[in-house]
Amino acid sequence: MDWHPDDLWLLELVNRQTAIPPAELQDWRWWNALRKLGVSLNQRTIEREFARMEVWLIENPSRRPKSRWKKFVKFWLFRAHNESGWTEKQRERRREWKR
C-alpha cells in the first residue's frame, strides 16, 4: 500500500535521518499499525523523538541495535508516549529509581 499524502512528511523524515537505516522504517503498514496502538504520529513529536534517538545512539554505541530497528523505534515511541502524560513528580521518581 502507498503512503497517504498526509503522512509523506514521515517518509521524508525516515529517509532524511541518519541514525537508523531508512529502509528498515519505510513500511507504511507498520507505521499505521503503531498509530492504531495509540502511538501519536504528530510530526513535531516524531521529529523530536528521532533527534533524541540519534543522540542516544551516538552516546551509547555499544548498546546500538545491530538489527530489529522497528522494535527499537516502537519501544522508544511507546516510552515517549507513556512518559508524556507523567507529572514532574513521577519523572523525578523515575530519575531517582534509575540512579
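Below: a short report on this structure.

Parameters at a glance
Residues numbered from 1 in each chain as written. Predicted model: local features only at pLDDT ≥ 70, side-chain atom pairs only at ≥ 80, totals over all residues. Heavy atoms only, no water. Buried < 20%, exposed > 50% of the residue type's maximum accessible area, 1.4 Å probe, protein only. Helix = DSSP H or I, 4+ residues; strand = E, 2+ residues; numbered from the N terminus. Contact = heavy atoms within 4.5 Å. Polar contact = N/O pair within 3.5 Å; in protein donor to acceptor, adjacent residues only side chain to side chain. Core = buried A, V, L, I, M, F, W, Y, C linked by side-chain atoms within 4.5 Å. Expected span 1.5 Å × (residues − 1). Arc of directions from axis to C-beta. Axes fitted to C-alpha atoms, helices over the stretch in contact; angles between N-to-C directions. Parallel < 35°, antiparallel > 145°, perpendicular 65-115°, else oblique. Left-handed = near helix turned anticlockwise from the far one by under 90°. Nonpolar A, V, L, I, M, F, W, Y, C, P; charged D, E, K, R; others polar.

Okay, helix H2 (residues 28–36) next. Working note: α-helix, 3.6 residues per turn, so residues spaced by three or four point in the same direction. Those residues of H2 not exposed but buried are Trp28, Trp30, Trp31, Asn32 and Leu34. If you follow the buried residues of H2, they end up packed against helix H1 (8–16), helix H3 (43–59) and helix H4 (69–83). N-capping of H2 is provided by aspartate 27, with a side-chain oxygen placed 3.0 Å from the backbone N of arginine 29. Once H2 ends, the next one or two residues include glycine 38, with phi positive near 105 degrees.

Ranked by internal contacts, the top residues of the largest apolar core, which has 23 residues, are Ile20, Trp31, Phe50, Val73 and Leu77. For this core, the secondary-structure elements that each account for two or more residues are H1, H2, H3 and H4. Not counting the four nearest positions on each side in its chain, tryptophan 31 is found in contact with Trp3, Leu10, Val14, Leu25, Leu41, Phe50, Val73 and Leu77.

The first and last C-alpha atoms of H3 sit 24 Å apart over 17 residues, in line with the 24 Å expected at 1.5 Å per residue. Buried residues of H3: Ile46, Glu49, Phe50, Met53 and Leu57, and no others. When H3 is viewed along its axis, its buried side chains cluster within an angular range of 105 degrees and face the same direction. Exposed residues pointing more than 90 degrees away from the buried face of H3 are listed as Arg44, Ile58 and Glu59. Looking at the buried side of H3, the elements it contacts are H1, H2 and H4.

Okay, the packing of H2 against H4 next. For any two helices packed against each other, the geometry is given by the interaxial angle and the distance between the axes. One way to put it is that H2 packs onto H4 with a least axis distance of 12 Å and a crossing angle of 25 degrees. In terms of their interaxial angle, H2 and H4 are classed as roughly parallel. Considering only the axes of H2 and H4, their crossing is right-handed. Contacts from Trp30, Trp31 and Leu34 in H2 reach Lys70, Val73, Lys74, Leu77 and Phe78 in H4. Looking at side-chain class alone, the contact of H2 with H4 contains 6 nonpolar, no polar and 2 charged residues.

Here we take up the side chain of aspartate 7. Looking at where aspartate 7 falls in the secondary structure, it is placed in the segment before H1. One polar contact links aspartate 7 to arginine 35, side chain to side chain, over a distance of 3.1 Å. Apart from the residues within four sequence positions on either side, aspartate 7 is in contact with Trp28 and Arg35.

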